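Results of the structural survey
Residue strings, one per chain:
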2 protein chains.
Amino acid sequence: MRLPKGATLTVVDPCGEQVSDLFLFAADDHDEWFSSGRTTDYANTIYVGPGSSLYSNRSRVMATVVEDSVGVHDLTLTPCSQDTFDILYPDLGGAEHPSCFANLAGAFAPHGISPDRISTTLNVFMDVWTDLDGELHIDPPPTVPGDRFVVRAEMDLLVGVTACSAEKSNNGRCTPIDLRVDA
Amino acid sequence: MRLPKGATLTVVDPCGEQVSDLFLFAADDHDEWFSSGRTTDYANTIYVGPGSSLYSNRSRVMATVVEDSVGVHDLTLTPCSQDTFDILYPDLGGAEHPSCFANLAGAFAPHGISPDRISTTLNVFMDVWTDLDGELHIDPPPTVPGDRFVVRAEMDLLVGVTACSAEKSNNGRCTPIDLRVDA
């Protein structure tokens, strides 16, 4: 979806314990995209919260977090894809599976953006932490029904956002995500 | 540089305490590039070491770590750029500063690759860790003179690699990195 500069996007978890993957492009120049690395680097933290800037690969602020009832979101992991399920969950036997990556690819395709351009996402409500040995731990999303995360566009944006399709990242079940845009 | 499938690249720190940023593209299709997120995700760790696979955005193995005398490398941070110095080190007053990003951009430019395509790098010998509050800590590289990191290409690659230009990431001084390619 197109999110004009100054508009806000509200991501709501209506049922609780549901992750939502989000990615951004500059609306008028798709070579400018959301950089989890720049966002992490400039804030010196792997987390985002109220007041956080979401930076582009060109080190410009694409969006600002203006409200956040949870405080736990992930900037480390790529959106789940068919490859993710094939590699991490071989017990699924390679069966076709819905994925965040496919959903995001579908959202950006009408804008002429190749799936190859989708990098590491902002994984809203995803509770990923790292122990001192560097091992990743994915805990169930700490959300309760109605929890919300609101960003304001600081430039004209194309936003892709999806409810996560990986059962293991959502405490065993996948539920909807509600979205609202306020101009 | 072009690194053919099966060849190895050895990165040596001849003086100690020096970081080296590395990025990869598939030689024959620049829409396939090194994904720190996929690499982290599939190995379930923020670190790489002997045997680690370096994945592309298409979830294919681009390279394998075959030797590593250090065991500490970073997959979290983007290469330092002029913006990095401007944003993180305002005491420098916006003065022009050499950077990993500019060096990598220069390395890939002859291949027709835009700087916009350079994503989060593998930061060889960089000691970044995260505390339980999510705050990043950058410790001096734990390398001693002669420490090395060797990767084998699993597809034909374009490799960009640079000694890091950020004094604060290299215990206050920037020194060379030596490279060797073995076919």
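If you're wondering where the values come from, they're calculated on a predicted model, not measured in any experiment.

1. Digging into the interface of chain A and chain B
Between chain A and chain B, the contact holds 38 residues from the first and 38 residues from the second. Here chain A and chain B share an interface that buries about 3200 Å² over both sides, 50% of which is from carbon and sulfur atoms. Joining chain A to chain B, the criterion identifies two salt bridges. Where chain A packs against chain B, one counts 20 residue pairs in polar contact (both at pLDDT 80 or more). Secondary-structure elements contributing two or more residues to the side of chain A that touches chain B are β4 (29-33), α1 (36-43), α2 (82-88) and β9 (127-130) of chain A. Sort the elements by how many residues they give to the side of chain A that touches chain B and α1(A) lands first, with five residues. Here the residues of the side of chain A that touches chain B sort into 14 nonpolar, 15 polar and nine charged.

2. Remarks on the UniProt feature "domain: DUF1989" (unreviewed entry) in chain A
Sites flagged by UniProt as "domain: DUF1989" (unreviewed entry) map to residues 2-158 of chain A. Secondary structure content for residues 2-158 of chain A is 15% helix and 34% strand, and the end C-alpha separation is 5 Å.

3. Observations regarding the sheet that holds strand β2 (residues 8-13) of chain A
Backbone-to-backbone hydrogen bonds pair the strands of a sheet. The strands run either parallel or antiparallel. Residues and elements named next belong to chain A. The strand order across the open sheet formed by five strands is β5-β6-β11-β2-β13, and the pairing between neighbours is antiparallel. Only two strands of the sheet have a single partner each, and these edge strands are β5 (53-55) and β13 (178-182). Between one strand axis and the next, the sheet turns by 25° as a mean value, whatever way the strands run. Relative to strand β11 (residues 147-153), β2 runs antiparallel, the two sharing six bridges. Residue L9 lies in a different strand from β11, and its bridge partner there is V151.

4. Regarding the pattern of salt bridges
Taken as a whole, this structure holds 18 salt bridges over all chains when the rule is applied. For B:D28, the salt bridge identified is with B:R2, shortest N-O distance 3.4 Å. You can see B:D28 sitting in the loop between β3 (20-26) and β4 (29-33) and its partner B:R2 sitting in strand β1 (residues 2-3), a full 26 residues away along the chain. Its salt-bridge partner being B:E154, residue B:R152 comes within 2.9 Å of it at the nearest N-O pair. Judged by relative accessible area, which is 31%, B:R152 ranks as partly exposed. For B:E154, a relative accessible area of 24% puts it in the partly exposed group. Through salt bridges with shared partners, a single ionic network connects A:D29, A:E32, A:R58, A:R60 and B:D116.

5. So, the packing of aromatic side chains
All names here are of chain A. In the structure shown here, the tally under the stated rule is twelve aromatic pairs over all chains. Centroid distance F23 to F34: 6.2 Å. Interplanar angle 80°. Geometry classified as edge-to-face. You can see F23 sitting in strand β3 (residues 20-26) and its partner F34 sitting in the loop between β4 and α1, a full eleven residues away along the chain. Residues F23 and F34 agree in their burial class; the two are buried.

6. Describing the relation of the copies chain A and chain B
The pair of chain copies shares a relation made of a rotation about an axis and a shift along it. Structural alignment of chain A on chain B gives an RMSD of 0.0 Å, achieved by rotating through 180° and translating 0.0 Å along the axis. Taken together, the rotation and translation relating the two chain copies correspond to the operation of a two-fold axis. When you check the interface residues of chain A against chain B, 100% turn up at the interface there too, and the contact is symmetric in its surfaces.

7. Considering the pairing of β4(B)
All names here are of chain B. Strand direction decides the pairing type here: β3 and β4, joined by two bridges, are antiparallel. The residue of β4 that forms the bridge with A26 is D29. Joining the antiparallel neighbours β3 and β4 is a turn of two residues.

8. Things to note about the environment of B:V150
Residue and element names in this part refer to chain B. Structurally, V150 is set in strand β11 (residues 147-153). Residues V150 and V181 lie 31 residues apart in sequence; the distance between their C-alpha atoms is 9.6 Å. Beyond its immediate chain neighbours, meaning those up to four positions away, V150 contacts T8, L9, T10, T64, V65, V66 and E67.

9. Notes on the environment of B:G16
Residue and element names in this part refer to chain B. Position of G16 among the secondary structure elements: in the loop between β2 (8-13) and β3. Residue class for G16 comes out buried when judged on its relative accessible area of 3%. For the pair formed by G16 and T130, sequence separation is 114 residues and the distance between their alpha carbons is 23 Å. When near neighbours in sequence (up to four residues on either side) are disregarded, G16 contacts T143, V144, P145, R173 and T175.

Criteria and cut-off values
Starting from 1, residues in each chain are numbered consecutively following that chain's sequence as written. Each chain takes a letter, starting from A, and each ligand takes a number, starting from 1, following the order in which they are written. Per-residue local features of the predicted model are confined to residues with pLDDT of at least 70, and side-chain atom pairs are confined, for both listing and counting, to 80 or more; whole-chain, interface and lining totals are unaffected and use all residues. Side-chain numbers come from the whole structure's heavy atoms, not from hydrogens or water. Contacts: residue pairs with any heavy atoms within 4.5 Å of one another. Note on definitions: buried area is the accessible-area loss of two parts on being combined, 1.4 Å probe, summed for both. Whenever Lys or Arg places a side-chain nitrogen within 4 Å of a carboxyl oxygen from Asp or Glu, that contact is recorded as a salt bridge. Each polar contact in these results corresponds to two N or O atoms within 3.5 Å; when the atoms are within protein, one needs to be able to donate a hydrogen and the other to accept it, and residues that are neighboring in sequence are counted only if both atoms are side-chain atoms. Helical segments are the DSSP runs of H or I of at least four residues, strand segments are the runs of E of at least two, and each set is numbered from the N terminus. Asp, Glu, Lys and Arg are counted as charged, while Ala, Val, Leu, Ile, Met, Phe, Trp, Tyr, Cys and Pro are counted as nonpolar; the rest, among them Gly, fall into the polar class. UniProt positions are given in the numbering used here, feature names are shortened, and annotations may be inferred rather than shown by experiment. Should DSSP find at least two bridges between two strands, the strands are regarded as paired. Only the stretch in contact is used when a helix axis is fitted, and all axes are lines through C-alpha atoms; the angle between N-to-C directions ranges over 0 to 180 degrees. Only protein chains enter the area calculation, which uses a 1.4 Å probe; residues under 20% of their type maximum are buried, those over 50% are exposed, and those in between are partly exposed. Aromatic pairs are defined between Phe, Tyr and Trp rings, using the six-membered ring for Trp, whenever the two ring centres lie within 6.5 Å; interplanar angles under 30 degrees are classed as stacked, those over 60 as edge-to-face, and all others as tilted. When the copies are superposed, the least-squares fit takes in the C-alpha atoms of residues with a pLDDT of at least 70 in both.

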